[in-house]
Amino acid sequence: TQPQERKRKREKKERSRPSLDVVIHPTQRRKKERMSDIDSLEAESASLDGYFSDAPLDPKPKYPELKETFETAVIITNLPKVPESKVEKLTKVVTKLVSRIGALATSEGFSGVHLPFSAETKSTLGFALIEYESGEVAKKAVEVLSDYAFDKNHALQVTPYAHGIGLKDVEEGEFKEPEPAPFVERPDTSSWLRDGSQREQLVTRFGKETVVAWYDGKHEPATDYDGSRESKAGVPWCDYYVQWSPRGSYLATMVPSKGVILWGGKDYEKLGRFPAPGVEFVLFSPQENYLLTSNNSRTDPNAIKVFSVSTCKLLRAFPLFPKDFLPDNKPDQERQAIPPPPFHWSHDDKYLARMGKDLISIFETPTMKLLDKRSLSAEGIHEFQFCPTKNIIAYWAPEHGNAPAHVDLIQLPNRKKLRQKNLFNVTKCSMVWQNDGDYLGVKVTRHTKSRKTLYNNLELFRLNEPGIPVEMLDIKDAVMAFAWEPSGSRFAMVHAENPSSTKVDVTFYDMLKTPEPPKNKKKMSSYNPNEKIAELNKLETLQGRQCNCIFWSPAGSHIILASLGESASGTLDFYDCDNKTLVQKEHYRAMQVLWSPSGRSVATIVSQPIGGGYFKFAMDNGYTLWSFQGKQIHQASFETFYQLQWRPREKLLSKEERAKIVKNLKKYEKQFDKADRERARARYIEETKGKRALRTAYRERLAALHEFRRGQKEARMDFLGGYDSEDESNYVYHEVTLETILSTKEDVVY
């Protein structure tokens with residue numbers, strides 16, 4: 001329509017008209033904009049009138065604490081370089097790893113971990129920046145994560161951030177190798193073995209004292225070191241128990257407030273310190289490369305710690321109990337009564353193992369990672385032990401479902417099952433290895449179908465024979481004790497019809513048998529009386545003995561049959577298995593019997609726990625030292641006596657070399673006797689040194705007085721008018737004989 005047409009023309013004309021902004025000068029435009037802003041601010045101020053306070057405005061913002069150092073940050077290098085698609089995954093793995101050390105310093109937009117990314121290479125740069133909440137945690141991360149095997153191709157290196165930023169000023173080509181620290185020779189930890197008198201050492205803990213002493217087997221112990229240096233400095237020498245290393249190189253003293261301190265060398269210098277607050281137990285590895293500590297805390301996730309002895313670095317920490325070890329369906333009182341499963345070392349320090357629920361966790365050293373990244377399956381396992389000389393694990397498991405009880409021998413690292421022995425109607429088993437690993441004895445407690453009657457038998461494994469044959473020894477009596485001769489083929493056991501009997505029998509067996517000489521004279525030429533065959537044979541039985549424990553000498557042949565415990569008699573039977581001689585002694589209330597490493601001496605001990613409290617047998621506290629033949633050498637009593645330990649001595653000779661020395665021992669008797677006489681003479685001279693000094697001083701004084709008197713002779717003669725009292729010619733001698741009857745005896749002779 002016409003009105004609509006006119007409206008469209010008018011709108012079109014308006015659109016074609018030039019804009020006001022186009023024609024206005026820029027300066028005028030900016031002025032107009034400012035005026036518009038002022039008007040809007042005035043309007044806004046008027047609307048907010050009444051909301052503002054009349055108090056003067058003095059803002060004091062709360063800024064975060066300024067960190068002037070970088071002690072909480074570390075740099076982790078030698079990480080894998082990954083593309084952008086894998087950055088998030090790598091960040092999660094690194095965060096999980098570093099957060100195990102301690103809490104990370106997180107904030108908005110920062111998780112505590114930063115992995116720099118290169119846009120040019122489109123990958124990470126191979127390092128990460130980590131920030132912790134405290135500097136102590138950062139230091140711990142440097143110690144723990146250094147040389148950590150992130151994967152097969154990457155071993156991490158950790159550097160404090162403060163040290164890293166100091167390298168930014170180092171230009172290429174100007175690096176100067178730092179001067180090495182001056183060499184400090186470590187103390188000789190084997191110096192004690194070169195003692196001229198071939199003495200042994202022992203350490204005792206009594207009262208607040210810890211004393212290391214020499215002992216020659218004939219006289220009372222002589223103090224070697226008693227911690228006097230630490231006492232003067234006000235530093236604790238030992239506050240708890242002590243522990244020698246397996247070869248005797250180190251002495252570990254426990255200070256629960258700090259940890260474990262390692263001492264060694266001629267002057268017992270401090271060789272290392274291992275932080276383990278609340279430590280109650282220490283276990284060295286057989287080759288002295290590692291140290292395990294435990295504080296026995298059920299709530300501490302790091303209750304058990306494993307350290308490297310050479311570097312004092314913490315390798316790994318474990319809780320007191322493995323995961324899922326404690327049953328959930330039992331009350332707390334029963335759960336508290338369950339002891340933690342112990343760790344065991346292999347003989348060559350390659351493996352550290354602990355029993356879990358239906359498995360054995362085996363960790364490789366020094367990484368402390370699971371062998372082959374998985375545990376060894378062992379359904380229903382109750383106990384396991386390492387062979388003393390081979391990487392073989394022996395464990396037993398009770399009956400489970402339709403499966404019988406069994407004893408298994410597993411070889412490491414291939415996990416090959418060398419032998420399995422099935423057992424039926426089993427109540428309990430206990431395993432005992434011979435020291436050389438040639439034999440394994442398993443004492444099996446069985447029950448009848450009614451479970452009312454118990455009986456025993458021994459399963460004897462021969463590990464050096466092909467196929468590892470097993471011999472079974474049936475015993476009608478209850479077996480209270482079982483022990484192998486340390487380096488021989490014999491074993492002894494204590495048995496009686498009733499386990500509570502005071503009179504028991506002790507029977508000796510030999511795993512080897514000397515064959516009888518052939519009756520045919522023609523075969524006598526091939527007969528060798530020293531050659532033995534693998535056959536179990538009974539040697540002898542000692543009847544009616546009072547004992548509940550047996551202790552073989554480390555040198556073999558000699559054994560002590562002891563009656564130990566609070567209610568026991570303390571009887572000690574020293575028995576020579578070769579010469580069939582027995583000497584009976586007694587140490588009332590004895591609790592321990594400890595042979596010296598050489599087998600020359602033995603100690604019997606009455607001790608009390610360090611835990612404190614009243615000990616009802618405090619009057620009997622102390623120890624007694626005996627010869628291997630049962631002769632008492634020394635006895636010491638203390639009001640509080642806690643511990644005695646012999647210093648271990650490594651055996652350097654083989655079986656053949658020891659046998660050769662024993663065979664030719666008579667050749668060396670004269671040399672030994674002469675050396676004994678020289679030591680006795682030197683000891684006598686040392687003991688009488690004070691008396692001889694007094695005697696010499698007396699004689700010198702007497703000679704001086706005689707000389708003084710001789711110098712006064714002329715003056716004395718002048719005073720007496722020329723009379724010399726020392727001239728015998730001035731005296732007249734008369735000889736008079738007097739007889740005195742001392743006694744009279746009369747005999748009547750018929």
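Residues numbered from 1 in each chain as written. Predicted model: local features only at pLDDT ≥ 70, side-chain atom pairs only at ≥ 80, totals over all residues. Heavy atoms only, no water.

Chemist: Can you help me understand the sheet that holds strand β19 (residues 314-318) in this one?
Modeler: Within a sheet, neighbouring strands are paired by backbone hydrogen bonds and run either parallel or antiparallel to one another. Read from one edge to the other, the open sheet built from 4 strands follows the order β16-β17-β18-β19, with strand pairing classed as antiparallel. The open sheet is flanked by β16 (281-284) and β19, the only strands paired with a single partner. On average, each strand axis in the sheet is inclined to that of its neighbour by 20°, with strand direction left out of account. Both β16 and strand β17 (residues 290-294) contribute to a ladder of 4 bridges, which runs antiparallel. (Pairing = 2+ DSSP bridges. Helix = DSSP H or I, 4+ residues; strand = E, 2+ residues; numbered from the N terminus. Axes fitted to C-alpha atoms, helices over the stretch in contact; angles between N-to-C directions.)

Chemist: When you look at the sheet that holds strand β5 (residues 127-131) in this model, what are you seeing that I'm missing?
Modeler: Pairing in this open sheet of 4 strands is antiparallel, and the strands run β2-β5-β1-β8 from one edge to the other. Every other strand in the sheet has two partners, leaving β2 (113-114) and β8 (157-160) as the edge strands with one partner each.

Chemist: Honestly, the confidence of the model for the protein in this entry has me stumped. Any pointers?
Modeler: Note: predicted coordinates in regions of low pLDDT should not be interpreted at a detailed level. In the predicted model, the protein carries a mean pLDDT of 87, and the fraction of residues at 70 or more is 89%. Confidence over residues 17-27 falls short of pLDDT 50; this stretch has 3 contacts with residues more than four positions distant or in other chains. (pLDDT = per-residue confidence, 0-100. Contact = heavy atoms within 4.5 Å.)

Chemist: Hey, could you run me through the nonpolar core in this one?
Modeler: One recurring pattern in soluble globular proteins is that nonpolar side chains are buried together. Ranked by size, the top nonpolar core spans 31 residues in total, and within it Ile 360, Ile 362 and Phe 384 carry the most contacts. If you list the elements that add at least two residues to this core, you get β17, β18 (304-308), β20 (343-345), β21 (351-356), β22 (359-364), β25 (383-386) and β26 (392-397). By residue number, the principal contributor to this core is β21, which donates 4 residues. Contacts of Phe 384, omitting those with residues within four sequence positions, involve Pro 342, His 344, Ala 353, Arg 354, Met 355, Ile 360, Ile 393, Ala 394, Tyr 395 and Met 431. Ranked by size, the runner-up nonpolar core spans 23 residues in total, among them Val 74, Val 98, Ala 138 and Leu 156. (Core = buried A, V, L, I, M, F, W, Y, C linked by side-chain atoms within 4.5 Å. Buried < 20%, exposed > 50% of the residue type's maximum accessible area, 1.4 Å probe, protein only.)

Chemist: Is there a simple way to explain the environment of Val 113 in this structure?
Modeler: In this fold, Val 113 is placed in strand β2. Between the C-alpha atom of Val 113 and that of Ala 73, which follows or precedes it by 40 residues, the distance is 9.9 Å. Filtering out sequence-adjacent residues up to four positions away, Val 113 remains in contact with Thr 91, Val 94, Thr 95, Val 98, Leu 104, Leu 129 and Ile 130.

Chemist: Got a minute to help me understand the pattern of salt bridges in this structure?
Modeler: Note on pairing: side chains with opposite charge can pair once their charged atoms come close. Under the definition given, this model contains 26 salt bridges. Across the pair Glu 200 and Arg 600 runs a salt bridge, and its minimum N-O distance is 3.8 Å. Separated by 400 residues along the polypeptide, Glu 200 in strand β9 (residues 200-206) and Arg 600 in the loop between β41 (592-595) and β42 (601-606) bring together distant segments of the chain. Judged by relative accessible area, which is 3%, Glu 200 ranks as buried. In this structure, Arg 716 engages Glu 726 in a salt bridge whose closest nitrogen and oxygen atoms are separated by 3.4 Å. Note that Arg 716 is positioned in helix α12 (residues 713-719) and Glu 726 in the segment after α12, a separation of 10 residues in sequence. Look at the salt bridges and you will find they share partners, linking Lys 218, Asp 676 and Arg 679 into a network. (Salt bridge = Lys/Arg side-chain N within 4 Å of Asp/Glu carboxyl O.)

Chemist: How do you make sense of the side chain of His 558 when you look at a structure like this?
Modeler: Along the chain, His 558 falls in strand β38 (residues 558-562). When neighbours within four sequence positions are excluded, His 558 is seen to be in contact with Phe 551, Trp 552, Ser 553, Tyr 575, Asp 576, Trp 595 and Phe 628.

Chemist: How should I be thinking about the packing of aromatic side chains in this particular structure?
Modeler: Pairs of aromatic rings are described using the distance from one ring centre to the other and the angle between the two planes. Counted by the stated rule, this structure contains 24 aromatic pairs. Taken together, a centroid distance of 6.4 Å and an interplanar angle of 75° make the contact between Phe 384 and Phe 386 edge-to-face. The two residues Phe 384 and Phe 386 agree in class, both being buried. For the pair Phe 491 and Tyr 509, a centre-to-centre distance of 5.4 Å together with 15° between the ring planes defines the contact as stacked. (Phe/Tyr/Trp six-rings, centres within 6.5 Å; stacked < 30°, edge-to-face > 60°.)

Chemist: Before we go on, may I ask you to explain the environment of Met 591 in this structure?
Modeler: When you line up the elements, Met 591 lands in the loop between β40 (581-586) and β41. On the accessibility criterion, Met 591 (40% relative accessible area) is partly exposed. In this structure the C-alpha to C-alpha distance between Met 591 and Glu 566, which are 25 residues apart in sequence, comes to 7.6 Å.

Chemist: Any chance you could explain unusual backbone geometry here in plain terms?
Modeler: Excluding glycine, residues mostly carry a negative phi; peptide bonds, for their part, are mostly trans. With omega at 0°, the peptide bond leading from Thr 365 into Pro 366 counts as cis. Its location among the elements puts Pro 366 in the loop between β22 and β23 (369-370). Here the residue pair Leu 412 and Pro 413 is connected by a cis peptide bond, since its omega of 5° sits within 30 degrees of zero. As for its position among the elements, Pro 413 is in the loop between β27 (405-411) and β28 (416-423). One non-glycine residue with positive phi stands out, namely Asn 78, at about 65°. With respect to the element layout, Asn 78 can be found in the loop between β1 (73-77) and α4 (87-98). Using a relative accessible area of 36% as the deciding quantity, one classes Asn 78 as partly exposed.

Chemist: For this particular structure, what's the right way to read the pairing of β9?
Modeler: For β9, the buried fraction is high: 7 of the 7 residues fall into the buried class. Here β9 pairs with strand β10 (residues 209-215) via 7 bridges, running antiparallel. Following the sheet pairing, Gln 201 is matched in β10 by Trp 214. Following β9, the chain reverses through 2 residues before pairing antiparallel with β10; Gly 207 in that reversal takes a positive phi of roughly 55°. Bridging between β9 and strand β45 (residues 641-646) involves 5 bridges; their strand directions are antiparallel. Bridging across to β45, Leu 202 finds its partner in Trp 646.

Chemist: Please clarify how the layout of surface pockets should be interpreted in this entry.
Modeler: Gaps left between atoms are located by rolling a probe of water-molecule size over the structure's atoms. Considered as a void within the structure, the second largest pocket measures approximately 1800 Å³ in volume. Residue lining of the second largest pocket: 43 residues in total, with Pro 246, Pro 286, Pro 388, Asn 435 and Pro 648 positioned closest to the centre. Going through the elements one at a time, β12 (242-244), β16, β20, β25, β29 (426-433), β37 (549-552), β41 and β45 are the ones with two or more residues in the lining of the second largest pocket. In terms of residue class, the lining of the second largest pocket is made up of 24 nonpolar, 13 polar and 6 charged. (1 Å grid on protein atoms, 1.4 Å probe; cavity = no way out; pocket = protein on both sides within 12 Å on 5 of 7 lines; lining within 4 Å. Points joined across faces, edges and corners; volume = space filled by probe spheres on them. Nonpolar A, V, L, I, M, F, W, Y, C, P; charged D, E, K, R; others polar.)

Chemist: Please clarify how the side chain of His 495 should be interpreted in this entry.
Modeler: Here His 495 shows up in strand β34 (residues 490-496). Side-chain polar atoms of His 495 contact the side chain of Asp 477, separated by 3.1 Å. With residues near it in sequence (within four places) discarded, His 495 still touches Asp 477, Ala 478, Val 479, Met 480, Val 504, Asp 505 and Thr 507. (Polar contact = N/O pair within 3.5 Å; in protein donor to acceptor, adjacent residues only side chain to side chain.)

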